[in-house]
Every structure is written in C-alpha cells, then in structure tokens.
Amino acid sequence: MTRQNINRFALILVGVVAFGLPLVLRSPTYLHILILLYLYAYLTSSWNLVGGFAGVLPLGHSAFIGIGAYASTILSLQYGISPWIGMIVGGILAAIVGILIGFPTFKMRGAYFALATIAFGEGIRVMVENVDNLGPLKINGPRGLQIPPTNIGFGNYMFAGKEPYYYIILVMLLGILAITYFISRSKLGYYLNAGGEEPEAAMALGVNVARAKLIAMAMSSFFTALAGTFYAQFTLYIHPKSVISLDFSFEIAFIALIGGRGSIAGPVLGALLLRPVSDFSRIYFGSTLPGLHLIIFGTVLILVMIFQPRGLQEPLTRAYNRLLDKIFGGTEQKEITHEYS
Amino acid sequence: MNILEIKNLVKDFGGLRAVDTLSLSIEEGQILGLIGPNGAGKSTAFNCIAGVYPPTGGDIYFAGEKINRSKPWNLCKKGLARTFQIVKPFSSKSVLYNVMVGSFVTTDKTSVAKEKALNVLRLLQFEDKKDERAGNLTIAERKRLEIARALATEPKLLLFDEVMAGLRPAEVDEMVQIIQNLRHQGITIFVIEHIMRAIMALSDRIVVIHFGKKIAEGSPQEVASDENVIKAYLGDEYVVS
Ligand SMILES: Nc1ncnc2c1ncn2[C@@H]1O[C@H](COP(=O)(O)OP(=O)(O)OP(=O)(O)O)[C@@H](O)[C@H]1O
Ligand SMILES: [Mg+2]
C-alpha cells in the first residue's frame, strides 16, 4: 500500500465511523453533543475562509448565524416557506451584509478589524432585541421566535429524533471541508493567503487584495448563515441572545486559533478538543462555575500560542507524517505541509 | 518606443519633497540605472511608477498610456512588475507557492500556474529550493525570490530596487548575469543599485538623482566623470581638481 492510499483509507475510515455512529450510539445526549461538535466544526470552517485564509480576525460571525436563523424562521412562520428555501435566502442576505461589513473594515489592521466586527455583531443583536416588528415581519424583540413542532417532515426541516439532524450537519460539514480544500488549492486561495501575509507584495504581484477578501467574506457569511437555519430548526426556538451572541463568535475564534486557522483540519481538530470541554463544564459546573469553559479555553489558547502558534494541527500533522515515515521507512518524498496549510 | 516615460514627477510627504520634477524615459529593451545617495528619492520614484503612491504632480506613461492613478495590481496585469528593497516574502509559504502567486496573473488554473512557476525557478537556477519555506531563506535567496515572483507575472518592464544589496561579490556577479539574461529575453529593466560595479556593467544609461532632483544623465562613463555626481556622493569639499 502506498502512502497516498493510506491517507485515502484513513479518510474513508473516518467517514464510515462518522456515518455509522448513530447506529451504535443510541443516547440522545451523546448525539446532541456530537451534533453541536459538528456544528461548531462547520461554523469554524466557514469562518476559516476569511479568518484563516485572509489573515484577519473577524469576531462578529454570530451576526450571520442570526441572519440565517431569523430569515428562514420568519419566512416559514409567517409565509409558510420551507426552511430549506429560507436557508438560501438567509445565506444570500448574510453574504450581502458580509460585503457591506467587509467593505469599510478590511482596510483596518489587526485589533481594529476585530473590534469593528465585534461592534457590528453586537450592534445587530441590540437592534434585533429592540425591534418587535420590522415592516410586515414579526421579529418579537428579546422574546425571540418559537417554531411549533407540528409539521414534522423533511420538507419542513423538522424531525422527531436527533439522527436526521446528525446526518444533515455531518453532510454540511463534509461539504464545507471539501469547499475549503478546493479553495485552498485555487487561485483565490493563493490570493487570500498572499494578501493576508504581505498585502503590499501581493498587490505588486497582481492581487486585488480587497476584492479577494470581499469574495471570501461573502462566501464565509453565506455558509455561516446556513448553520443559523440549522440551529433554529434543531432547537426550534431562537432569540437574540442565543443566535447572535458573542459567545458564538468567540468560541468559533477559540476553536480556530487552537486547532490551527488557515488549515483545513484545524477547525475540526479544534472542535474535537474544545467542544467536550464546553459541554462537560456546562453539565457538571454549569450552576457553580458557569464561565469555567471560557477560562479553560483562555488558558489553552495562551499555551498553544506560546508553543504552537500555528495551532495544534501542525504538530499533529507532523506526528502523523512521522508515523507514516516509520511504516514506509521514510523512502517516499515527504509531503510539504506548509505549502497548503 | 519608450516603454516608460515620466514627466515632471513630484511626490511630497507632508512638507518633504521626496521626488522633485523628475523626468526620464526608458526605451524598450534597454536597461536604465537609477542611482543617488541614501534618501535621494529613488524608491519613492519606483513606488509612484508602480502605483503604490499617487504622484503629487506630473505624469507617468507606461507603453503610451497614462497610469498616474492606476492600482498596483492593474499595472502588474498590464506588464509592469517590481521588487521591494525591503524584501516581502510570504514567509510561511514555500518558494514555489510564492512564485505561483505571481504566475496566477496569466492563468486561473493551479496546474498551469505551477508549471509556469517551475519554469521561472529553473531559469533562475532556484529549483532546488522550491520546497523551502520562504522564511528560512538567506538574504541572497530572498532577493532571488523577489525576482522570481516578479518574473512569474511575465512582465514587459521590471523595476528592481536594490536586488544586490547585501550580497557577496560572487553573488553580485551572478545577479548581474541573471539581469543580463532577462534583458536578452526582451524585458526592459529599470534598476536602482548602490553597487557601482554592477550598475556600471549593466546599464545602457544612468540617471542620477539627489534630493529628488535629476542631477545627471548619460552613459555610465559620462555619469562617472560628472562633477555634480561626484559632489553629490562625496560632498562639496571633495571637488575634483
Ligand atoms: N512613506 C513615507 N513617508 C514619509 N517620508 C518618506 C516615505 N518614504 C520615503 N520617505 C522619505 O522620502 C525620502 C526619499 O526616500 P527614498 O526611500 O525614496 O530614498 P532612496 O533613494 O530609496 O534611499 P535608499 O538608497 O536609502 O533606499 C527620504 O527622506 C525618506 O525619509
Ligand atoms: Mg530605496
């Protein structure tokens, strides 16, 4: 067996395990935890399109989750439109908002960009909290919107058990990973990386850096909003603090930075590591130490930034390659991890 | 035909006039040298030509077209490429990745970009370093990477800003050879350099600026014996007798 075959085999194995898990794992609690894990891996991968490849640190992505959640929910509650269609509408809306936010902010550097995106995210949340009706649309301010679980069925994006949700978010995750893979190897991926690392040099080499970032932002916002619809249909209740909260934005950034931003595996690794911490600290310390997971994240982030500034995907990739080297005696050419990651 | 023509270019930074009514032109296929003491305004002139700074006054024509307010990436697509005096590699990426960013100007396909980039690396005898992280290169290699990336955009005019600074004598000779090869391929070259030996060997003509103003222009021999030039470099007290 060659090295490439091993990689392919490992990927297929992971896929089979992921698809087969619900057959073995019957506990709804564990399925719920896994669904959230995939959701966060999906959100972080969407974020990664701009936060990883374009080298900026957006901290307001919850705004796009909110746009997706509210768009599909309002359309289905008030107009009887299937959330599947509402999901696309929300995505397009989020892409437009993303471009509008990106236009003035992409010229800012580092912390200024991060702060500006926090301001946008929080601004949108506060606005939604203070609006009951927007023209004909019922938004219901801080009380949020409840989706009555009456019309169960695929067309209504509503299911009795957790398994369908598990498979939907798993397919979404695999989709975004495939998209990330292709973008990272495309002209856009090269342009985003170049523009993020040395904008002046990139521009001199023919890269319209601002344009590349706006394209990435539009895609990132679009895909993030799709997860908003998923979240709404999964929980059947949305309100500004749940879908447009800073918690979402921050946890996404934590997962990306710890897992390794700008890499394909980073967001998945980060979610695998951090989500259990989140869930268990909430289950066991939720009433006594409600913010415990954030303190743990902060500590882990500091350690990772000191010892592995490019995230945990780097040492793990290296270890994996070394393992393969051992198996194959290091004869085959080493994969150049830094070329794409 | 003049591939580049600058008329009365002025660039102010606040109260400082970095480039002062500078006029010059380059004929297609030639090598023009630009020299002058530190802070004379050479890099600033390059940055105006390459679209980094909008000129305060004057006009710049590239292949007959006025390009005063063009953006750097559009100029690059039109065939005007440049290197940076302070090298700016994409440090976390491989040499090949760096060069491919340039190749994408002429193609949208990754496989084609890779092929083109490999050709450039072969031409510059740099292929053995293709998988090296750009951040790990020596200064001489970084300068070479600057050239490789610019070359990958398939330019008509190349602006080289001190690509030999910090190189050892043997490396300088090699670089002179590389630049001469590029010229033989029909690329016009505008080069800033402090190493006199190199600029004398390379240039068809040389323009000398001092405090942003042109003080001499001519063949390397003419410029080397020009009294104003000697004064500018050595100071007024060293007047040649
Ligand atoms: N972005 C800037 N803002 C303000 N002043 C600048 C800027 N860039 C250059 N200058 C000033 O303009 C003058 C010309 O600088 P420039 O870099 O063009 O000189 P140079 O001829 O390239 O010098 P060197 O040989 O040292 O590279 C200097 O006095 C410099 O301090
Ligand atoms: Mg200079």
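Residues numbered from 1 in each chain as written. Chains lettered and ligands numbered in written order. Predicted model: local features only at pLDDT ≥ 70, side-chain atom pairs only at ≥ 80, totals over all residues. Heavy atoms only, no water.

### A closer look at the overall build of chain B
And then number 1: In terms of regular secondary structure, chain B is built from nine helices and 10 strands.
And then number 2: For 241 residues, the compact-globule estimate of 2.2 N^0.38 gives 18 Å, and chain B sits close to it at 18 Å.
And then number 3: With the principal axes as the frame, chain B shows a C-alpha extent of 60 × 40 × 35 Å.
And then number 4: Residues classed as buried in chain B amount to 54% of the 241 residues present.
And then number 5: Put simply, chain B shows about 10,200 Å² of open surface, and 49% of that area lies on carbon and sulfur atoms.
And then number 6: If you average the places of the 31 positive and of the 29 negative side-chain charges in chain B, the two averages end up 7 Å apart. (Helix = DSSP H or I, 4+ residues; strand = E, 2+ residues; numbered from the N terminus. Rg over C-alpha atoms; globule rule 2.2 N^0.38 Å. Buried < 20%, exposed > 50% of the residue type's maximum accessible area, 1.4 Å probe, protein only. Areas by Shrake-Rupley, 256 points an atom, 1.4 Å probe, with all protein chains shown as cover. Lys, Arg positive; Asp, Glu negative; His and termini not counted. Charge placed at Lys NZ, Arg CZ, Asp CG, Glu CD.)

### Some remarks on the packing of helix H3 (residues 95–103) of chain B against helix H5 (residues 139–152) of chain B
Any two packed helices are characterised by how steeply their axes cross, that is the angle between the axes, and by the distance between the axes.
Residue and element names in this part refer to chain B.
And then number 1: Running from amino to carboxyl end, H3 crosses H5 at an angle of 30°, the nearest separation of the two axes being 6 Å. By the angle between their axes, H3 is roughly parallel relative to H5. Along this stretch, H3 crosses H5, giving a crossing that reads as right-handed. Contact residues: Val 95, Asn 98, Val 99, Gly 102 and Ser 103 in H3; Leu 145, Ala 148, Arg 149 and Ala 152 in H5.
And then number 2: Along the lines of polarity and charge, the residues of the contact of H3 with H5 split into five nonpolar, three polar and one charged. (Axes fitted to C-alpha atoms, helices over the stretch in contact; angles between N-to-C directions. Parallel < 35°, antiparallel > 145°, perpendicular 65-115°, else oblique. Left-handed = near helix turned anticlockwise from the far one by under 90°. Contact = heavy atoms within 4.5 Å. Nonpolar A, V, L, I, M, F, W, Y, C, P; charged D, E, K, R; others polar.)

### With respect to the site of ligand 1
Residues and elements named next belong to chain B.
And then number 1: In the neighbourhood of ligand 1, 14 residues make up the surrounding shell, with Lys 42, Ser 43, Thr 44, Gln 85 and His 194 lying closest.
And then number 2: Between an oxygen atom of ligand 1 and a side-chain N or O atom of Lys 42, the distance comes to 2.8 Å.
And then number 3: In the environment of ligand 1, a nitrogen atom lies 3.1 Å from a nitrogen or oxygen atom belonging to the side chain of Tyr 53.
And then number 4: Contributing elements (two or more residues each) for the shell around ligand 1: strand E2 (16–27) and helix H1 (42–49). (Near = heavy atom within 4 Å. Polar contact = N/O pair within 3.5 Å; in protein donor to acceptor, adjacent residues only side chain to side chain.)

### A short note on the interface of chain B and chain A
Many structure descriptions define interface size as the accessible area lost when the parts assemble.
And then number 1: Residue-level contacts link 30 residues of chain B with 26 residues of chain A.
And then number 2: Across the chain B/chain A interface, buried area totals approximately 2,500 Å², and carbon plus sulfur atoms make up 59% of it.
And then number 3: Summed over the shared surface of chain B and chain A, the number is two salt bridges.
And then number 4: With its nearest N and O atoms 3.7 Å apart, the salt bridge here joins Glu 200 of chain A to Lys 88 of chain B. (Buried area = accessible area lost by both parts, 1.4 Å probe. Salt bridge = Lys/Arg side-chain N within 4 Å of Asp/Glu carboxyl O.)

### Overview of the coordination of the magnesium ion (ligand 2)
Ideal values for angles at a metal depend on the geometry: 109.5 degrees with four tetrahedral donors, 90 or 180 degrees with six octahedral donors.
Residues and elements named next belong to chain B.
And then number 1: At 2.0 to 2.1 Å from the magnesium ion (ligand 2) lie its protein donor atoms, namely Ser 43 (OG) and Gln 85 (OE1). Taken as a pair, Ser 43 in helix H1 and Gln 85 in the loop between strand E6 (80–82) and H3 lie far apart in primary sequence, 42 residues in all.
And then number 2: Relative accessible area serves as the criterion here: at 34%, Gln 85 is assigned to the partly exposed category. (Donors = N, O, S within 2.8 Å, 3.2 Å for Na, K, Ca; no water.)

### Re a nonpolar patch on the surface
Residues and elements named next belong to chain A.
And then number 1: On the surface, Tyr 30, Phe 280, Ile 283, Tyr 284, Phe 285 and Leu 289 cluster together into a nonpolar patch covering about 630 Å² of accessible area.
And then number 2: No other element matches the four residues that helix H12 (residues 266–285) contributes to the nonpolar patch.
And then number 3: The topology assignment puts Ile 283 in helix H12. (Patch = residues over 30% accessible without salt bridge, like charges linked within 9 Å, V, L, I, M, F, W, Y side chains within 5 Å.)

### Considering H12 of chain A
Owing to its 3.6 residues per turn, the α-helix aligns residues three or four sequence positions apart on the same side.
Residue and element names in this part refer to chain A.
And then number 1: End to end, H12 covers 28 Å across 20 residues, agreeing with the expected 28 Å (1.5 Å per residue, within 8%).
And then number 2: Approximately 30° is the largest bend angle found in H12, and it occurs at Leu 274, with the proline Pro 276 only one to four residues beyond.
And then number 3: Buried residues of H12: Gly 266, Pro 267, Leu 269, Gly 270, Ala 271, Leu 274, Arg 275, Ser 278, Asp 279 and Ser 281, and no others.
And then number 4: Among the structural elements, helix H2 (28–51), helix H11 (246–259), helix H13 (292–307) and helix H14 (313–328) are those in contact with the buried residues of H12. (Expected span 1.5 Å × (residues − 1). Bend = angle between axes of the 7 residues up to and from the residue.)

### Looking at the packing of aromatic side chains
And then number 1: Evaluated as defined, the whole model comprises 22 aromatic pairs over all chains.
And then number 2: The interplanar angle of 55° and the centroid separation of 6.1 Å between the aromatic rings of Phe 154 of chain A and Phe 159 of chain A together place this pair among those described as tilted.
And then number 3: Classification of Phe 154 of chain A as exposed rests on a relative accessible area of 55%.
And then number 4: Considering the side-chain rings of Phe 222 of chain A and Phe 223 of chain A, the 5.3 Å spacing of their centres and the 85° angle between planes classify their relative orientation as edge-to-face.
And then number 5: For Phe 223 of chain A, a relative accessible area of 15% translates into the label buried.
And then number 6: We note Arg 82 of chain B situated over the ring of Phe 84 of chain B; from NZ or CZ to the ring centre the distance is 4.0 Å.
And then number 7: The ring of Phe 84 of chain B carries the charged tip of Lys 88 of chain B above its face, separated from the ring centre by 5.2 Å. (Phe/Tyr/Trp six-rings, centres within 6.5 Å; stacked < 30°, edge-to-face > 60°. Lys NZ or Arg CZ within 6 Å of the ring centre and 35° of its normal.)

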